[in-house]
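Letter by letter, the chains look like this.
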Amino acid sequence: MKRFTAFFLSLVLLCSSFCSTAFAAAEWPDNISISAEGGIVMDAGSGAVLYGKNIHTAYFPASITKILTALIVIENCDMDDIVTFSRNAVHNVEPGSTSAGMDVGDQLTVRDCLYALVLRSANEVANALAEHTAGSIEAFADMMNERAASLGCTDSHFCNPSGLNNPNHYTSAYDMALIAQAAFQNEAFVTIDSTLYYDLPPTKRNPDGFRIYPGHRMMKKNAPQYYPGIIGGKTGYTSLAGNTLVTCAEKNNTRLIAVVLNGHQTHYTDTKALLDFGFSSFQSLKAAEIDTAHSSVANDMTIAGLPTTDLSVLSIQKDCRISLPKLADPADITSSISYELPPAAPQDAVAQISYEYGGHAVGAAYLIRQEPDTAAREADIAMARAMTFDETAALSPTGEDNAPAALSGDLPVSSEEEESGSTEPPDTPAFQLYIPQGMKTGLILFVVLGIVGGGLLVLKFHIEKQEAVERATRYQRRQKRLEDIGMSTAEFDLLMEKKRTDSALKQSQPKKRPRNHPSFLDRKN
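Residues numbered from 1 in each chain as written. Predicted model: local features only at pLDDT ≥ 70, side-chain atom pairs only at ≥ 80, totals over all residues. Heavy atoms only, no water.

Which residues make up the overall build of the protein chain, and what are the values?
Of regular secondary structure, the protein chain possesses 15 helices and 17 strands. Per-residue burial for the protein chain yields a buried fraction of 45% across its 525 residues. Long-range contacts, defined here as pairs at least 24 residues apart, represent 66% of the contacts in the protein chain between residues at least 6 apart. Surface summary for the protein chain: the accessible area is close to 28400 Å², and the carbon and sulfur share equals 54%. (Helix = DSSP H or I, 4+ residues; strand = E, 2+ residues; numbered from the N terminus. Buried < 20%, exposed > 50% of the residue type's maximum accessible area, 1.4 Å probe, protein only. Contact = heavy atoms within 4.5 Å. Areas by Shrake-Rupley, 256 points an atom, 1.4 Å probe, with all protein chains shown as cover.)

Could you give an account of the packing of helix H2 (residues 65-76) against helix H6 (residues 137-150), naming the residues involved and the relevant values?
Following both chains from N to C, one finds H2 and H6 inclined at 95 degrees, their axes separated by 10 Å at the closest point. What the angle tells us is that H2 and H6 run roughly perpendicular. On the side of H2, the interface is formed by Thr-65, Leu-68, Thr-69, Leu-71, Ile-72, Val-73, Glu-75 and Asn-76, while H6 contributes Phe-140, Met-143, Met-144 and Arg-147. The residue makeup of the contact of H2 with H6, split by class, is 7 nonpolar, 3 polar and 2 charged. (Axes fitted to C-alpha atoms, helices over the stretch in contact; angles between N-to-C directions. Parallel < 35°, antiparallel > 145°, perpendicular 65-115°, else oblique. Nonpolar A, V, L, I, M, F, W, Y, C, P; charged D, E, K, R; others polar.)

Account for the sheet that holds strand S1 (residues 38-43), with residues named and values stated.
Strands in a sheet are paired, the pairing made by backbone hydrogen bonds, and the direction either parallel or antiparallel. Across the sheet, which stays open at both edges, the 5 strands sit in the order S2-S1-S9-S8-S7 with antiparallel pairing between neighbours. In this open sheet, the two strands that pair with only one neighbour each are strand S2 (49-53) and strand S7 (230-238). Looking at each pair of strands side by side, their axes are set apart by 5 degrees on average, direction ignored. For S1 and S2, the ladder comprises 4 bridges, and the chain directions are antiparallel. Bridge pairing in S2 places Met-42 opposite Val-49. Sitting on the sheet, helix H7 (residues 173-183) touches S1, S2, strand S8 (242-251) and strand S9 (254-263), and the angle it makes with S1 is about 35 degrees. Against the sheet, helix H9 (residues 267-281) contacts S1, S2, S7, S8 and S9, and its axis sits at roughly 150 degrees relative to S9. (Pairing = 2+ DSSP bridges.)

Can you tell me about the environment of Arg-255, naming the residues and giving the values?
Considering the arrangement of structural elements, one finds Arg-255 in strand S9. Owing to a relative accessible area of 26%, Arg-255 belongs among the partly exposed residues under this scheme. Separated by 24 residues in the primary sequence, Arg-255 and Phe-279 have C-alpha atoms spaced 8.8 Å apart. With residues up to four places along the chain from it excluded, the contact list for Arg-255 reads Met-42, Asp-43, Ala-44, Gly-45, Phe-184, Ile-231, Cys-248, Ala-249 and Glu-250.

Describe the confidence of the model for the protein chain, with residues and values.
Low pLDDT means the predicted coordinates in that region are not meant to be read closely. Summing up the model confidence of the protein chain, the mean pLDDT is 81 and the portion of residues at 70 or higher is 73%. Here residues 295-301 is a poorly scored stretch, pLDDT under 50, and it has 15 contacts once near neighbours within four places are set aside; other chains count. Low confidence marks residues 408-434, where pLDDT is under 50. Its contacts with residues over four positions away, or in another chain, come to 36 contacts. (pLDDT = per-residue confidence, 0-100.)

Give a detailed account of the packing of aromatic side chains, specifying residues and quantitative values.
Inspection of every chain in the model, using the stated rule, returns 5 aromatic pairs. Measuring from centroid to centroid gives 4.9 Å for Trp-28 and Phe-282, while their planes differ by 55 degrees, and the two rings are tilted. Separated by 254 residues along the polypeptide, Trp-28 in the loop between helix H1 (2-22) and S1 and Phe-282 in strand S10 (residues 282-286) bring together distant segments of the chain. As far as the burial class goes, Trp-28 and Phe-282 line up, both buried. A ring pair is formed by Tyr-115 and Tyr-198, whose centres lie 3.9 Å apart and whose planes are at 0 degrees; its orientation type is stacked. With Tyr-115 in helix H4 (residues 110-118) and Tyr-198 in strand S5 (residues 198-200), this pair connects stretches of sequence that are 83 residues apart. On the basis of relative accessible area, Tyr-198 is assigned to the buried category, the value being 17%. Taken together, the ring pairs connect Trp-28, Tyr-51, Phe-277 and Phe-282 into an aromatic cluster. (Phe/Tyr/Trp six-rings, centres within 6.5 Å; stacked < 30°, edge-to-face > 60°.)

Can you lay out the environment of Ser-335 for me, pointing to particular residues and giving the numbers?
Inspection of the secondary structure assignment puts Ser-335 in strand S15 (residues 334-338). We classify Ser-335 as buried; its relative accessible area is 7%. Considered as a pair, Ser-335 and Tyr-355 are 20 residues apart in the sequence and their alpha carbons are 4.5 Å apart.

Structure (structure tokens):
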């Protein structure tokens, strides 16, 4: 039993140490490395940079430039518009560069051109789309730089729509992630980029038309580079740019964007490492579900002209998300609020909240002023959530204005909301119990401790019961043997007591020493 007690106490101390560790703030994961010169993995929902290598260093992008080209064309052209290929569009390309076989005078719809641009990476198609959209390649390059700046890009400059070599045509991993983030928020772009094949109509050089396929190997199920959950992406290569690759994938409601620049035949393995790291180490949470505090705004007399008497109609924008390490506790998030809004902010936004975890920007959200009737419908839900959230511990305003990329453009809208067109809040229980991640780990450890301890106690009682049964069995056998020799239990006990007494007396008496007998060696001759 002493050994059992010592083991049980050791188990308690061990589990207690685990519980203490569980409540410490989780570190930002960094167990990843890539071979490319530059790379990044970004949460497309929050704009948080999960990992980066030289993310603000300028590199040549090559054909991943066409992501920005496609986005601008989609935003400014009708899909059924007719594009006519000029001599400049067809011949203003590098010899031997990727082509869809278009000739001067060929005509395709904007839709056909976009598929040829994204899937085939056709350079003459990029030129033709640029001329159709802006009138000239130079004017389209101006549109590219303006659109990139509107997305928050500061390390980039674009000179052509295709990405062919030009010393003034460059970007960074971070800027390319911002561009990809905006592109994959565009439904038309996602439809085109995720297509596995497309049939182009007849042209002069291809009178029967021909089928095109994406060049991104991670999209092909029969390729060894195939990646489950991939949405799309774009490849690129020139002698100066090396291998470049942009990839978007989604798992468990988390959408990630990976960018690799100046790779050397490692762009697919680097991309897989980036995506695996992001999906295994991080989680994406809705800001509105974990931030119900935002009561710090009540300390101000007015917010963008809104008196404090109207604060009940403020709410966090629903579609904004926060990225956290999977072992992190949302209670360790800090926030800062700013009333200076960027141009892309919604019209009904009154403030911008930025979230940080361990010094990393993990997301941002707008504080939205709702119509009174909408606020009334959501008041009960907000109250229930507020009951389960520690306002002062979870969100400590820092006074910093550090909104991540999620606020650089229009935020994504869920497909269910788009299809229904409804603004009604989803069915939510009247009361939701929120348990921080660290506390969940501690509770699990306590449950395991209880199960193990209970099992050990059951084992202890079972052993004691077996010993009692064995003692009773031995007693019954002794009784049977005494009956066989005609002796009672009392007589046997007296006999055993007498033997023990005689044995004790005998041991207490001094022993007689043996007499010394002379040895024959002592005899004298």
